Amino acid sequence: ERNRMQAQLGDYFSQMLADPAYVESFRKSVLDRMINDVLLDQQAEALGLRISDEQVRSMILEMTQFQSNGQFDQEIYQASLRRAGFSPDTFAEYMRRELVREQLLNALQTSEFTLPGEVQVQGELFTQTRDIRTVAIDFEEFAKNVELTDEEIQDYYKANQDNFTRPEQAKVAYIELSAEALKTQIEVSDEEVQKYYDEHLDKYSSEEQRRVAHILVEGDDEAKAQAILDELNNGAEFATLAEEKSDDFGSAEIGGDLGWIERDVMDPAFEEAAFALENVGDVSELVKSDFGYHIIKLEELKDSVAKPFADVAAEIKQELVDQKAVDKFYELQNELERVAFEYPDSLDDASKAVDQEVKTTGFVSQADAPEVLRNPAVMQAILSPEVKEDGLNSEAIEVAPEHIVVVRVEEARPETVLPLDEVRDQVVTELSRVKGEQGALELGTKVVAALKEGKTEVLAENNLAFGEKETVDRRSPFAQTVFAMAKPVEGKPVYAQSKDLEGNVVIIELDAVNSELDSALEDQVAMQMERSSSQQDLSSVLAVLRANTDIEYFVVSN
């Protein structure tokens with residue numbers, strides 16, 4: 001789950017993981033989902049739900065991740081299971097549990113239905129639109145004309161000092177060292193590239209490939225496997241016996257064919273026997289693996305072929321640059337750590353030792369520091385007593401693979417409330433805005449009250465006029481206000497006020513409510529209602545199962 005979230009959110013998720021409270025809730029949510037799965041498994045078992053071997057087999061054969069060109073591929077299947085740590089038996093059992101659980105979920109979800117009347121009422125409510133006209137009262141116009149006294153400014157400043165506080169800041173010096181930056185200093189000759197190619201020719205050569213077929217007898221039934229081998233030795237057709245007697249359902253239907261294989265892909269015992277066959281058509285003796293007994297036949301051979309030097313020279317050169325940069329990085333890292341520790345009162349000696357400049361900042365806070373300093377570990381070091389108060393160099397801090405930084409604080413100043421004289425303009429702007437919003441709100445309240453009494457002249461008196469009619473749905477920025485307004489009666493408009501995204505007061509006139517469900521949307525509404533009800537059913541079932549089950553959580557400290 002963490003890998004999935006990391007892929008979705010990137011560095012932001014790494015920052016979230018720095019919060020112990022979030023990590024605790026994250027782990028709890030994953031654990032709760034796992035518990036829900038176990039509860040559903042137990043309920044399915046109690047109900048007597050079952051999945052047959054044939055259903056499991058069909059499901060595996062239809063899984064696209066095991067297919068090549070739309071057909072089940074035994075090679076992909078076997079390799080995928082090994083990567084995931086499954087054997088065919090354990091994977092089949094895993095799939096069986098998943099399918100049984102899915103059977104229970106389907107029973108809950110597909111038992112929901114909606115009546116035509118429900119769909120009609122809910123659909124009309126969901127798709128309802130309303131005809132409105134609006135007029136905005138710009139609070140900034142009020143703010144421009146606000147007159148403030150010194151007493152008001154002083155009082156607002158005192159009451160809102162958090163708005164006028166300068167955060168804790170520091171002037172920071174730091175040395176940054178990364179393998180990526182060192183690449184620009186690395187040179188690789190053509191002779192080095194050629195030498196590397198010659199010494200690692202196998203790396204730039206295609207693997208020897210073999211197309212093999214097999215007959216599998218699962219388990220420990222050596223006698224059965226030997227009987228099949230005896231039939232082969234007596235002249236029986238390999239493909240025919242594979243179709244009739246192999247327990248590998250994926251390859252049996254195609255005469256046991258496993259396709260092309262390379263080294264380090266198959267089970268080690270299987271692979272050793274397959275690559276020991278010398279000639280096309282050769283058949284192995286019995287081969288014991290974790291899956292059972294195999295009889296292997298060599299169908300075709302492809303020799304290893306080397307790529308031309310010209311095709312891979314640029315790749316090799318970049319690889320050598322990358323490797324030399326990494327080697328140089330670790331060499332300099334050790335030197336930087338040593339000198340920064342031995343001469344802790346300055347970064348100058350460390351800078352000379354690793355030939356990297358000392359970068360400096362002005363007074364910065366955590367919010368506006370350079371990106372490399374905003375790393376949580378770096379910021380923690382900057383705020384530590386040894387660095388901030390004693391003025392010592394920090395340890396080398398890793399901010400990314402092959403990327404470190406050493407920091408020191410040249411000068412620090414604490415969080416402080418700035419003097420009124422220094423922030424007076426900011427105070428005036430904020431207070432004027434507050435009073436402008438209050439003025440706009442008071443006018444809006446006054447106008448709405450007058451309109452409700454039928455006094456439409458209040459608009460002209462305040463240089464206001466409604467705009468053209470708009471038909472809005474529930475996606476409108478004013479939806480919360482508009483759809484809470486009472487339906488107009490006898491053609492008399494209804495009035496209310498809201499705010500737009502800029503903070504201006506908006507007076508709304510509601511003229512009509514339109515409730516008519518488009519027949520084309522009926523199925524969509526019905527599906528949405530059924531989906532919502534199904535989710536409620538599942539939540540209710542889980543709540544009951546949890547209430548009737550003893551679940552004990554253990555807090556494990558790291």
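Attention in this report is confined to the structure presented alongside it.

Rules used in this analysis
Residues numbered from 1 in each chain as written. Predicted model: local features only at pLDDT ≥ 70, side-chain atom pairs only at ≥ 80, totals over all residues. Heavy atoms only, no water. Helix = DSSP H or I, 4+ residues; strand = E, 2+ residues; numbered from the N terminus. Rg over C-alpha atoms; globule rule 2.2 N^0.38 Å. Buried < 20%, exposed > 50% of the residue type's maximum accessible area, 1.4 Å probe, protein only. Contact = heavy atoms within 4.5 Å. Areas by Shrake-Rupley, 256 points an atom, 1.4 Å probe, with all protein chains shown as cover. Lys, Arg positive; Asp, Glu negative; His and termini not counted. Charge placed at Lys NZ, Arg CZ, Asp CG, Glu CD. Polar contact = N/O pair within 3.5 Å; in protein donor to acceptor, adjacent residues only side chain to side chain. Axes fitted to C-alpha atoms, helices over the stretch in contact; angles between N-to-C directions. Parallel < 35°, antiparallel > 145°, perpendicular 65-115°, else oblique. Nonpolar A, V, L, I, M, F, W, Y, C, P; charged D, E, K, R; others polar. Left-handed = near helix turned anticlockwise from the far one by under 90°.

The next subject is the overall build of the chain. What the chain contains, in helices and strands, is 23 helices and 16 strands. Computed over the C-alpha atoms, the radius of gyration of the chain is 37 Å, more than 25% above the 24 Å expected from 2.2 N^0.38 for a compact globule of 558 residues. Based on the C-alpha atoms only, the size of the chain along its principal axes is roughly 110 × 80 × 55 Å. Taken over 558 residues, the chain has a buried fraction of 36%. For the chain, the share of sequence-separated contacts (at least 6 apart) that also reach a separation of at least 24 residues comes to 71%. Surface summary for the chain: the accessible area is close to 33,600 Å², and the carbon and sulfur share equals 47%. When the 54 basic and 117 acidic side-chain charges of the chain are each reduced to a single mean position, those positions are 5 Å apart.

Along helix α5 (residues 74-84), the residues that are buried comprise Gln74, Tyr77, Gln78, Ala79, Ser80 and Leu81. Of the surrounding secondary structure, the elements contacted by the buried residues of α5 are α4 (53-62), β2 (71-72), α6 (88-109), α14 (249-252) and β7 (257-261). For α5, the capping residue at the N-terminal end is Asp73, with a side-chain oxygen 3.2 Å from the backbone nitrogen of Ile76. One or two residues past the end of α5 sits Gly85, with phi positive at roughly 80°.

Between α4 and α6, the least distance of the axes is 10 Å, while the angle of their chain directions is 100°. The angle between α4 and α6 places the two elements in the roughly perpendicular class. Where α4 approaches α6, its residues Asp53, Gln55, Val56, Met59 and Ile60 are matched on the opposing element by Phe91, Ala92, Met95, Arg96 and Leu99. Residue composition of the contact of α4 with α6, by class: seven nonpolar, one polar and two charged.

Following both chains from N to C, one finds helix α12 (residues 222-233) and helix α13 (residues 238-245) inclined at 155°, their axes separated by 10 Å at the closest point. It follows that α12 is roughly antiparallel to α13 by the angle criterion. Crossing hand, α12 versus α13: right-handed. For the pair α12 and α13, contact is made by Lys224, Ile228, Glu231 and Leu232 and by Phe238, Leu241 and Lys245, respectively. A class-by-class count of the residues in the contact of α12 with α13 yields four nonpolar, no polar and three charged.

Topologically, Arg57 is positioned in helix α4. Residues in contact with Arg57, not counting those within four places in the same chain, are Phe249 and Glu253.

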